[in-house]
Every structure is written in structure tokens, then in C-alpha cells.
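Structural features, examined
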Amino acid sequence: MNVALIGCGFVADYYVRTLENHPSLKILGVMDRDSARTEHFSQFHKLPKYPSLEAVLADERVQIVINLTNPRSHYEVSKAALLAGKHVYSEKPLGMTFEEAKELVELAESKQLEISGAPCSLLGETAQTIWKALREQAVGQVSLVYAEMDDGFVPAMAYQTWLSESGIPWPYKDEFEVGCTLEHAGYYLTWLPAFFGSAVSVTAFADCTIPNKGVDHLDPPNTPDFSVACIKFASGVVARLTCSIVASHDHELRIFGDQGVMYTEDCWFYRSPVYIKRRLRIRRKTIEGPLAQRYPLVGPVTKRQKYRGAQQMDFARGIADLAEAIENQRSPRLSGRYSLHVNEMVLAIHYATAQGCTYQMQTDCPVVEPLPWAL
């Protein structure tokens, strides 16, 4: 399956390095609106380059466009690719508004194309293991989930010095303007509909606690750097998600069942261990057992990813699933409708006001199949 990569920014190194895990995917070329960055990235990774987006879309060999542009350009670039007859894999979010994301999904369907969206962490060994344990009712009937996506006090970090492998600076101004919810909430929100079915409502609060973060002229200047949401799923499960770049680093997921608690420490590690603590009755009290039982991870043993970064994720796994789905004429696991449902949840949280609000979901989530090795 021939792919072209649009956007040679900070995250692009991660995609190129993990595309090497999937020899069925061939990169025909890379392109960025900054021609100097295109040249640098092309030379660093020894990849062909395209002079423009129009050149990419005119190349009949390209089957999938990988959209790694700034989130505020996702809609425009993805729409152009779909209109040119290309399948699309987009970095999160599909669109900055629900209307943009919905239009892209409907356009893809009208042209019998696929659009799929990051993050693909649902396809990681940890997520697939938790899903398998839930199907086996390893902690009994689940009623509540706590998910944390706090990244530490980023405004005080040396973020101006963060560089990708090829030397691309972390786009801190864009990150602060887009906001941590749109950037990071999806890592867990992509898991939950697969586990518990469609979300029905989102009750959220979001606020900007540190206005400038040491950067002049943020636009907008008050994008939320903290959000918290309670999500009700059709299955009856309720999930609470926090997301911030202010609170201490915490990426833990805890799933509470009537027979125990299942948890993992970080969704950014595809092989993060999964633990279960059973509930014990001691006289009139019920407590969590002091010893955690490790639930064996499913899936093949994979090597450490060959890139510089705090996380260990196969960024290209979603692209590989999309390519396989196209070849086999099935829906990708992270289909357009699935990605739209996740995008809608994220937007409901991101745009919640400091007064808080409840949002009734408009979309349903299609049923997703586990990976074959996780059955």
C-alpha cells in the first residue's frame, strides 16, 4: 500500500520510524508547506519529497495520505485528499469542530473511501489485553472508570529545547493554542467506546489556569490547559477523565468492577503491564487486596521502538490496519464513524466552559472487533 506523508513536523519522525515495523506500507514521499523543512526531513530520513500538496494529490500511485499537519489544517488537507480520491489517515483530531469532522466522514463515505484517525493506542497490547480481560469479566461487572491524562507542569519545563530525532522543535505555541484536551484526551477516549459502547452524554468543565505559559501572543490566549469530564456510556458505565498540563504527571487508568480493580500506568506505552487487585472481605469491611496480580499481556513480543521519546507507541499501527482494511474490503477498526464519535467526545470536553455543561452525544459508535491475536 503506497502512502504519502503530509506535514514534516515534530511527530513525523515517530511515524517514519514506526512505519518500518510494517513492510507492507511504502512511503512514496513526504511534503511540508515549509519547503526548507521538507528538504531537511527528506534528507534526514532518505525519503523522496514532493514539491507541493497538489503534487501529492496528483500522484496516482498514492493510495493513503497520512495527514500530520497542524490540527487547524487537518480539515483542509484531509478534504483535499478525499476529493482527490485518496484514503486518509489523520492525526488527531479529525476536525477542530464537529461540523468539520462530520463533513469529512460523510465525504469519505460518499466517495467510497476510508478516513481513519489517530491515536491508534486502542491497537496496542495493553489496550487489547484490558479489553480481553473485560470480556472475561476479570473484575466482574464494571460500573466506573478513572482515566488520567496529566502531563506534569509543562509551563515550567524547558519545552523550547525539545527536539525530535531529526531536530524539529516541539511546536509549543501550537500545542498551547490547540490545547491539551484536543491533543491528548483521545488516548483514553479511543479505548472506552470499544470497551463499553457508545457514549450517551458528556458532562465537562474546562478552564485556562495559566494564561500565557511564558509565550507571547497566544491565539487564542485562553485555550483550556485543564479539563475534567464525566462520560455516561450506553452500557451504564461512567468514566471520569482528567486532562492537564498543570497537574503532576499521571497517565493511569483504573477500571472498577464489583469483584476488583484493573489498572495500568500509562497508555503511552503499548506494553504497559496490566494489574488486577481483588476485593477481600474482612469481617464487616471490604478492602482491595494488598497484592496485585499481573494479567498476562496478549500479542506478539515487540522490540523497543526506534525513536527518541518518552513514550513507546507504534504510531503506524493504525495506518497498517487501515491499509489491511482497504485490501480486504472491510471497515478499519478506527473507522471514520468511530473516529467521529471519539472526536465528538473530545470536542465536548474541550469547548466546555468554566461554568461546566452537559452535552448530549449526536453520534453512535460502531462495534469494533479486537485484533485477531487478542481474541
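- Named according to an unreviewed UniProt entry, the protein is Gfo/Idh/MocA family oxidoreductase originating from Limnothrix redekei LRLZ20PSL1.

**Focus on the overall build of the protein**
- When helices and strands are tallied, the protein shows 12 helices and 15 strands.
- Computed over the C-alpha atoms, the radius of gyration of the protein is 20 Å, within 12% of the 21 Å expected from 2.2 N^0.38 for a compact globule of 375 residues.
- Its C-alpha atoms give the protein principal-axis dimensions of about 75 × 50 × 40 Å.
- Here the protein holds 375 residues, and the buried ones make up 58% of them.
- Expressed as a percentage of contacts within the protein between residues at least 6 apart in sequence, the contacts between residues at least 24 apart total 71%.

**A closer look at the sheet that holds strand S5 (residues 115–117)**
- If you trace the five strands from one edge of the open sheet to the other, you get S2-S1-S3-S4-S5, paired in parallel fashion. Each edge of the open sheet carries a strand with a single partner, namely strand S2 (26–31) and S5. For this sheet, the mean angle separating the axes of adjacent strands, direction not counted, is 20°.
- Here strand S4 (residues 87–90) runs beside S5; their pairing, made up of three bridges, is parallel. Bridge pairing in S5 places valine 88 opposite isoleucine 115.

**Some details on the layout of surface pockets**
- Looking at the second largest pocket, its volume works out to about 240 Å³.
- For the lining of the second largest pocket, the per-class residue count stands at two nonpolar, three polar and eight charged.

**Points about the packing of helix H4 (residues 74–83) against helix H5 (residues 98–110)**
- It is at 10 Å that the axes of H4 and H5 come closest, and there the two elements cross at 10°. Viewed along their axes, H4 and H5 adopt a mutual orientation that is roughly parallel. Residues Tyr75, Ser78, Lys79, Leu82 and Leu83 of H4 lie in contact with H5, whose contacting residues are Glu100, Glu103, Leu104, Leu107 and Ala108.

**A word on helix H1 (residues 12–19)**
- Counting buried positions along H1 yields seven of eight residues, so the element is predominantly enclosed.
- Within H1, the full set of buried residues consists of Ala12, Asp13, Tyr14, Tyr15, Val16, Thr18 and Leu19.
- Those residues of H1 that are buried lie in contact with strand S1 (2–6), S2, helix H2 (35–45), strand S3 (64–67), S4 and helix H11 (317–328).

**Quick notes on the UniProt feature "domain: GFO/IDH/MocA-like oxidoreductase" (unreviewed entry) in the protein**
- When the UniProt feature table is mapped to this numbering, "domain: GFO/IDH/MocA-like oxidoreductase" (unreviewed entry) covers residues 128–261.
- Helix makes up 22% of residues 128–261 and strand 30%, whereas the separation of the span's terminal C-alpha atoms amounts to 17 Å.

**Brief notes about the environment of arginine 294**
- Tracing the chain through its elements places arginine 294 in strand S14 (residues 293–295).
- Judged by relative accessible area, which is 55%, arginine 294 ranks as exposed.

**Concerning the state of the cysteines**
- Per the counting criterion, the structure on display carries zero disulfides.
- Sulfur of cysteine 180: no disulfide; nearest cysteine sulfur belongs to cysteine 243 and is 4.1 Å away.
- Here cysteine 180 falls in the buried class, since its relative accessible area comes to 5%.
- Free of any disulfide, cysteine 230 has its nearest neighbouring cysteine sulfur in cysteine 357, separated by 12 Å.

**Observations regarding the packing of H5 against helix H12 (residues 336–350)**
- The contact between H5 and H12 brings their axes to 10 Å, and the two run at 175°. Considered as vectors, H5 and H12 are oriented roughly antiparallel to each other. Between H5 and H12, the contacting residues are Phe98, Ala101, Lys102, Val105, Glu106 and Glu109 on the first element and Gly336, Arg337, Leu340, Asn343, Glu344 and Leu347 on the second.
- Each residue belonging to the contact of H5 with H12 can be placed in one class, and the counts come to five nonpolar, two polar and five charged.

What counts as what
Residues numbered from 1 in each chain as written. Predicted model: local features only at pLDDT ≥ 70, side-chain atom pairs only at ≥ 80, totals over all residues. Heavy atoms only, no water. Helix = DSSP H or I, 4+ residues; strand = E, 2+ residues; numbered from the N terminus. Rg over C-alpha atoms; globule rule 2.2 N^0.38 Å. Buried < 20%, exposed > 50% of the residue type's maximum accessible area, 1.4 Å probe, protein only. Contact = heavy atoms within 4.5 Å. Pairing = 2+ DSSP bridges. Axes fitted to C-alpha atoms, helices over the stretch in contact; angles between N-to-C directions. 1 Å grid on protein atoms, 1.4 Å probe; cavity = no way out; pocket = protein on both sides within 12 Å on 5 of 7 lines; lining within 4 Å. Points joined across faces, edges and corners; volume = space filled by probe spheres on them. Nonpolar A, V, L, I, M, F, W, Y, C, P; charged D, E, K, R; others polar. Parallel < 35°, antiparallel > 145°, perpendicular 65-115°, else oblique. UniProt positions renumbered as here; feature names shortened; annotations may be inferred. Disulfide = S-S within 2.5 Å.

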